Amino acid sequence: MQQVQAVIARAKDAPVEIVTINVPDPGPGEAVVAIQACGVCHTDLHYRQGGINDEFPFLLGHEAAGVVESVGEGVTEVAPGDFVVLNWRAVCGECRACKRGEQQYCFNTANATQKMTLEDGTELTPALGIGAFADKTLVAAGQCTKVDPSARPAAVGLLGCGIMAGIGAAINTGGATRGKSVAVIGCGGVGVAAIAGAALAGSSPIIAVDIDAKKLETAKKLGATHTVDSSQVDPVEAIREIASKTYPGAEGADIVIEAVGRPETWKQAFYARDLAGTVVLVGVPTPEMTVPEIPLLDVFGRGGSLKSSWYGDCLPSRDFPMLVDLYQQGRLDLDAFVTEEISINDIEAAFERMHHGDVLRSVVVL
Ligand code: APR
Ligand code: ZN
Ligand code: ZN
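As the structure is a prediction and not an experimental result, all values here were calculated from the model.

Undergrad: Describe the packing of aromatic side chains, with residues and values.
TA: By the definition in use, this model includes seven aromatic pairs. Ring geometry for Trp266 versus Phe270: centroids 6.0 Å apart, planes at 35°, classification tilted. In this pair, Trp266 and Phe270 are both assigned in helix 8 (residues 263–271), four residues apart and thus about one turn of the helix distant. The exposure class assigned to Phe270 is buried, which follows from its relative accessible area of 0%. Put simply, the rings of Trp88, Phe107, Trp310 and Tyr311 touch in pairs and so form one group of aromatic residues. Seen from the ring of Phe270, Arg273 lies directly overhead, with NZ or CZ sitting 4.9 Å from the centre.

Structure (structure tokens):
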């Protein structure tokens with residue numbers, strides 16, 4: 001066991017606190033990772049607000065990179081000294097999805113079995129089974145993916161959640177390729193990552209839609225070929241017009257990615273796709289939201305598919321090393337997502353800036 005500094009949310013809506021926590025030595029199948037950088041994500045704020053569950057106190061932080069310090073018995077995936085990106089999809093290998101070879105749909109994901117605790121012994125709940133706003137954290141070894149150790153931790157740690165969700169929504173779920181048009185509604189961190197994914201896949205045109213003109217500027221930097229300010233024009237009409245210029249006769253984009261998580265923008269995505277096109281929902285809705293009313297005949301008549309994308313349908317062991325290599329080669333601009341590097345003392349202020357839409361990602365450097 002060792003003691004380290006960490007950021008916790010002790011109670012609903014209470015400001016975060018920096019405290020000393022106990023990190024156990026890794027048991028069978030576990031690893032202790034010295035964290036170097038960890039992004040601030042909406043999900044951390046949702047935990048602090050009590051919107052996910054009430055298993056307080058939470059150990060926050062989950063978009064992280066660091067170096068493996070020690071491993072428990074039977075661990076073969078990683079070894080001490082490995083530079084890793086953490087993930088919340090350590091697949092079980094036992095469920096139906098795993099057995100049929102579709103581990104990207106494993107929902108039975110593994111975490112460390114031992115608990116990290118406060119000094120008084122109170123057990124902590126790590127955010128998404130990670131808890132990386134801490135000098136060190138305990139995870140399941142399968143939550144660690146070894147990547148190129150010369151990569152910048154603040155940039156590649158972001159692959160652990162929102163950025164992977166966006167890139168994967170375009171490539172893994174949407175099936176973006178050369179010869180297809182892609183529209184992305186909502187250009188926050190996730191949407192802009194979907195644009196970067198579509199660009200990596202060679203899709204064109206790539207149409208960025210947002211109600212905030214600043215977001216559209218960032219979207220252009222990451223590969224959007226066209227932008228639509230949906231506070232000014234009807235995005236469905238605009239997407240159709242742009243897509244049909246490249247592909248005459250197209251009634252929308254081949255793939256429309258909804259990265260806001262709201263019924264009205266999902267409805268726009270539904271009508272902005274070409275016949276037989278694909279809609280991907282990657283924005284996270286709240287529990288009270290429902291599918292907007294759409295004539296069933298429109299669902300039938302337009303064909304194609306309506307999908308959701310959970311963690312970008314990623315497989316960390318396949319996708320993280322590949323994306324880190326593309327970053328290192330200058331083909332994927334992960335640095336563009338790092339708006340600021342901050343210290344562990346600045347997390348509340350970063351939540352505030354995120355809430356106001358001022359940043360793509362604040363990254364805590366440890
Ligand atoms: N039409 C178009 N864009 C919109 C609309 C709308 N009606 N409403 C909001 N947006 C834009 C915002 O301007 C912002 O650029 O959607 C974007 C949302 O981005 P972020 O708040 O930065 O969220 P992000 O991290 O990208 O996550 C996207 O998934 O994780 C969830 O809670 C998160 O629901 C959010 C979604
Ligand atoms: Zn499984
Ligand atoms: Zn996240």
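Undergrad: Quick rundown of the confidence of the model for the protein? Include the residues and the values.
TA: Across the protein, pLDDT averages 97, with 100% of residues at or above 70. Complex prediction metrics read pTM 0.96 and ipTM 0.98.

Undergrad: Account for the UniProt feature "domain: Alcohol dehydrogenase-like N-terminal" (unreviewed entry) in the protein, naming residues and giving values.
TA: The UniProt record marks residues 27–148 with the feature "domain: Alcohol dehydrogenase-like N-terminal" (unreviewed entry), using the residue numbering of this structure. With 9% helix and 30% strand, residues 27–148 has its two end C-alpha atoms placed 26 Å apart.

Undergrad: Got a sec to walk through the coordination of the zinc ion (ligand 2)? Specific residues and values, please.
TA: On the protein side, the zinc ion (ligand 2) has Cys92 (SG), Cys95 (SG), Cys98 (SG) and Cys106 (SG) as donor atoms, found 2.3 to 2.4 Å from it. Coordination geometry of the zinc ion (ligand 2): the four donor atoms subtend angles of 104 to 117° at the metal centre, consistent with an arrangement described as tetrahedral. For the zinc ion (ligand 2), the donor residues sit on a single chain with the sequence spacing C-x2-C-x2-C-x7-C. Here Cys95, found in the loop between strand 6 (83–86) and helix 2 (96–99), pairs with Cys106, found in the loop between helix 2 and strand 7 (117–118); they are eleven residues apart in sequence, far enough to count as distant. Given a relative accessible area of 0%, Cys106 falls into the buried group.

Undergrad: Residues and numbers for the sheet that holds strand 14 (residues 253–258), please.
TA: Taken in spatial order, the six strands line up as 13-12-11-14-15-16 in an open sheet, and their pairing is parallel. Two strands bound the open sheet, and with one partner strand each, they are strand 13 (226–229) and strand 16 (305–308). Taking each pair of neighbouring strands and ignoring which way they run, the sheet shows an average axis angle of 20°. For strand 11 (residues 182–185) and strand 12 (residues 206–210), the ladder comprises four bridges, and the chain directions are parallel. Bridging across to strand 12, Val182 finds its partner in Ile206. Strand contacts of helix 7 (residues 235–246): strand 11, strand 12, strand 13 and strand 14, with the helix running at about 165° to strand 12, the strand carrying the most contacts.

Rules behind the numbers
- Residues numbered from 1 in each chain as written.
- Chains lettered and ligands numbered in written order.
- Predicted model: local features only at pLDDT ≥ 70, side-chain atom pairs only at ≥ 80, totals over all residues.
- Heavy atoms only, no water.
- Phe/Tyr/Trp six-rings, centres within 6.5 Å; stacked < 30°, edge-to-face > 60°.
- Helix = DSSP H or I, 4+ residues; strand = E, 2+ residues; numbered from the N terminus.
- Buried < 20%, exposed > 50% of the residue type's maximum accessible area, 1.4 Å probe, protein only.
- Lys NZ or Arg CZ within 6 Å of the ring centre and 35° of its normal.
- pLDDT = per-residue confidence, 0-100.
- UniProt positions renumbered as here; feature names shortened; annotations may be inferred.
- Donors = N, O, S within 2.8 Å, 3.2 Å for Na, K, Ca; no water.
- Tetrahedral: all angles 85-135°; square planar, octahedral: opposite > 155°, others 65-115°.
- Pairing = 2+ DSSP bridges.
- Axes fitted to C-alpha atoms, helices over the stretch in contact; angles between N-to-C directions.
- Contact = heavy atoms within 4.5 Å.

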